[in-house]
Amino acid sequence: MNKALLILKREYLTRVRKKSFIIMTILVPFLFGAMTILPAWLAMQDDKEERTIAVYDGTDVFLGRLENTEYTKFHFIPQEEFLPIKEDIKNSGFYAVLFIPPNLLSANRAQIFSDKQVPIDLKMMVNRRLEQILENDKKQAVINESGIPDLDKKLAATRTNINLETIKVGDKGESVKSSTEIAMAVGYAAGFIIYMFVFIYGTMVMRGVMEEKTSRIVEVIISSVKPMQLMFGKIVGIGLVGLTQLLFWVIIGGAIIAGVQTFAGGDPSQAMEQTQNLMNSQGVTMAPAVQAQQQNMALEIVDMISNLNLPLLLGCFIFYFLGGFLMYSSLMGAIGSAVDHDEEAQQLMLPVTLPLIFSIIILFPVVKNPEGALAFWASIVPFSSPIIMMVRVPFGVPVWELLLSMATLIASIAGTIWVAGKIYRTGILMYGKKVNFKEIIKWLRYRN
């Protein structure tokens, strides 16, 4: 028992006395606190962005009744101003144009036009305001009638749902039906896939380097191959594996979309007309009508996905996937060359992977407001830009922001490869010595 306690004491004190353990124990709570508080604070600053929405009310029901918030203003316009503003929203001084058609009470459908994808929070707020006003009017009408049986049921029946469509207006005034929810889902999925693959394949590079080092196979390999060539071949080879898998998924996804369009008839307007005819005809069973509705819904979703800038999305996805992978896998490969044991690798990996974790933490706030300060800076900083910029691209990003993000990422890749190469060259043949950050800094100062 005493011997077991001696071993326990040695194992515990050996690790607790390490400088890396002490430093990370002190810093990690502050780092995670900053990663939690900073996004929340920046998101609160994003909510302070002032937006003015032009409103054309064809029903005269909402005139003057859409209350302004501190940062969202509603400005009602006459009918003759609606088309000129809609066709040139960018230069109109308005963030968006809300169109309330005269048949809103029967169709329960309104539209909001903007030159960019409307954030989900703004869409939900406008939608909720319209529904509340109609519900209040209906409830007041029910209450004003005296002696009504089943009052509670009739009040419950006043529940109103309005479908607020988002329409993106191009530079030449052309309108394309879009969906904030579709853009949100595509951006979130693209960002999360890049995070997952960068983490998985970057760790695969680190494990591969550690395995070759601990088994001494690398001593044989570098007799005929330079260390930098070995590291380059390993990183690029594993990266191409991940890229092959992603491209295969893209091909399968494209085939599924094409199949849905072919199966459903290829034209959303024709499917809608078919649905209406079937629903209005007498003697027609509901099964064909339901089938037509399902086809129409599938076509609308496919149509809205097709209205996204798919070539730009695919190009950015490949670029940011490769950029993020090259940057992080280089650093993880350097970690693998510097250590002999898994526990040492885990300690050195934490500072490297913190930006990836931070990117996932802020993913949802960025999706909700892709134009805010948090989204902008996180999409420019190269350690988070591969994930965050892909979240923003489906919503529409100014060209200069996209180019700046790509340029900083390319420059950072060059820097990380240089750093990783210096560490790899020295660490790959070093055995038995426990490495800390001070030692790694010395390696960076070595001349070739």
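As the structure is a prediction and not an experimental result, all values here were calculated from the model.

**A few points about the overall build of the chain**
For step 1, the next point in the chain: Within the chain one finds 18 helices and 6 strands.
For step 2, the next point in the chain: Here the chain holds 448 residues, and the buried ones make up 41% of them.
For step 3, the next point in the chain: Partitioning the contacts of the chain with sequence separation of at least 6, the portion at a separation of at least 24 is 72%.

**Some points on the nonpolar core**
For step 1, the next point in the chain: Ile 194, Tyr 320 and Met 390 are the most contacted members of the largest nonpolar core, which totals 68 residues.
For step 2, the next point in the chain: Tyr 320 has contacts with Ile 194, Ser 385, Pro 386, Met 389, Met 390, Leu 402, Ser 405, Met 406 and Leu 409, leaving out every residue within four places of it along the chain.
For step 3, the next point in the chain: Ranked by size, the runner-up nonpolar core spans 21 residues in total, among them Ile 53, Ala 96, Leu 98 and Ile 100.

**Here's the deal with a nonpolar patch on the surface**
For step 1, the next point in the chain: Residues Phe 248, Trp 249, Ile 252 and Ile 256 make up a contiguous nonpolar surface patch of roughly 420 Å² in combined accessible area.
For step 2, the next point in the chain: Within the fold, Ile 252 resides in helix α9 (residues 227–264).
For step 3, the next point in the chain: Judged by relative accessible area, Ile 252 falls into the partly exposed class, the value being 39%.

**Comments concerning the packing of helix α12 (residues 310–338) against helix α17 (residues 399–427)**
For step 1, the next point in the chain: Interhelical geometry of α12 versus α17 gives an angle of 20 degrees and a closest axis separation of 8 Å. With respect to α17, the axis of α12 lies roughly parallel. Here α12 and α17 pass one another in a crossing that is left-handed.
For step 2, the next point in the chain: Classifying every residue of the contact of α12 with α17 by side-chain character gives 18 nonpolar, 8 polar and no charged.

**Brief notes about the packing of aromatic side chains**
Within a pair of aromatic rings, the relevant descriptors are the distance that separates the centres and the angle that separates the planes.
For step 1, the next point in the chain: For the coordinates displayed, the defined rule picks out 13 aromatic pairs.
For step 2, the next point in the chain: Here the aromatic rings of Phe 319 and Tyr 320 are separated by 5.1 Å at their centres, their planes lie at 90 degrees, and the arrangement is edge-to-face.
For step 3, the next point in the chain: Sitting over the face of the ring of Tyr 95, Arg 51 holds its NZ or CZ atom 5.0 Å from the ring centroid.

**Some points on the environment of Phe 74**
For step 1, the next point in the chain: Here Phe 74 is to be found in strand β2 (residues 72–76).
For step 2, the next point in the chain: Spatially, the C-alpha atom of Phe 74 lies 8.8 Å from that of Gly 64, the residues being 10 residues apart in sequence.
For step 3, the next point in the chain: Those residues in contact with Phe 74 that lie beyond four places of it in its chain are Ile 53, Val 55, Leu 66, Glu 67, Asn 68, Met 125, Val 126 and Arg 129.

**Comments concerning the pattern of salt bridges**
For step 1, the next point in the chain: Applying the stated criterion to the full structure yields 2 salt bridges.
For step 2, the next point in the chain: The salt bridge partner of Arg 65 is Asp 137, with a shortest N-O separation of 2.9 Å. Separated by 72 residues along the polypeptide, Arg 65 in the loop between β1 (51–57) and β2 and Asp 137 in helix α5 (residues 120–144) bring together distant segments of the chain.
For step 3, the next point in the chain: Assessed through its relative accessible area of 30%, Asp 137 is described here as partly exposed.

**A look at helix α15 (residues 373–380)**
For step 1, the next point in the chain: Among the 8 residues of α15, 6 are classified as buried, and the element is accordingly described as predominantly covered.
For step 2, the next point in the chain: Among the residues of α15, those classed as buried are Leu 374, Ala 375, Phe 376, Ala 378, Ser 379 and Ile 380.

**What to know about the packing of helix α7 (residues 180–214) against helix α16 (residues 385–392)**
For step 1, the next point in the chain: Where α7 contacts α16, the two axes come as close as 7 Å, and the packing angle between them is 165 degrees. Considered as vectors, α7 and α16 are oriented roughly antiparallel to each other. For α7 against α16, the interelement crossing comes out right-handed. Taking contact as the criterion, the partners of Gly 187, Ala 190, Gly 191, Ile 194 and Tyr 195 in α7 are, on α16, Pro 386, Ile 387, Met 390 and Val 391.
For step 2, the next point in the chain: Taken together, the residues of the contact of α7 with α16 break down into 7 nonpolar, 2 polar and no charged.

**Quick look at the confidence of the model for the chain**
For step 1, the next point in the chain: Scored by pLDDT, the chain comes out at a mean of 75, with 71% of its residues at no less than 70.
For step 2, the next point in the chain: Mean pLDDT in the chain bottoms out at helix α10 (residues 268–280), which sits at 45, and peaks at α16, which reaches 92.
For step 3, the next point in the chain: Here residues 278–297 scores under 50 on pLDDT; set against residues more than four positions off or in separate chains, the count is 18 contacts.

**Topic: the side chain of Ser 329**
For step 1, the next point in the chain: Among the secondary structure elements, Ser 329 is positioned in helix α12.
For step 2, the next point in the chain: Looking at Ser 329, the relative accessible area reads 0%, which means it is buried.
For step 3, the next point in the chain: Ignoring anything within four residues of it in the chain, the contact list for Ser 329 reads Gly 202, Val 205 and Ile 235.

**Quick look at the pairing of strand β5 (residues 163–169)**
For step 1, the next point in the chain: A large share of β5 lies buried, amounting to 5 of its 7 residues.
For step 2, the next point in the chain: Bridging between strand β4 (residues 109–114) and β5 involves 6 bridges; their strand directions are parallel. If you follow Phe 113 over to β5, its bridge partner there is Ile 167.

Reading the values: the criteria
Residues numbered from 1 in each chain as written. Predicted model: local features only at pLDDT ≥ 70, side-chain atom pairs only at ≥ 80, totals over all residues. Heavy atoms only, no water. Helix = DSSP H or I, 4+ residues; strand = E, 2+ residues; numbered from the N terminus. Buried < 20%, exposed > 50% of the residue type's maximum accessible area, 1.4 Å probe, protein only. Contact = heavy atoms within 4.5 Å. Core = buried A, V, L, I, M, F, W, Y, C linked by side-chain atoms within 4.5 Å. Patch = residues over 30% accessible without salt bridge, like charges linked within 9 Å, V, L, I, M, F, W, Y side chains within 5 Å. Areas by Shrake-Rupley, 256 points an atom, 1.4 Å probe, with all protein chains shown as cover. Salt bridge = Lys/Arg side-chain N within 4 Å of Asp/Glu carboxyl O. Axes fitted to C-alpha atoms, helices over the stretch in contact; angles between N-to-C directions. Parallel < 35°, antiparallel > 145°, perpendicular 65-115°, else oblique. Left-handed = near helix turned anticlockwise from the far one by under 90°. Nonpolar A, V, L, I, M, F, W, Y, C, P; charged D, E, K, R; others polar. Phe/Tyr/Trp six-rings, centres within 6.5 Å; stacked < 30°, edge-to-face > 60°. Lys NZ or Arg CZ within 6 Å of the ring centre and 35° of its normal. pLDDT = per-residue confidence, 0-100. Pairing = 2+ DSSP bridges.

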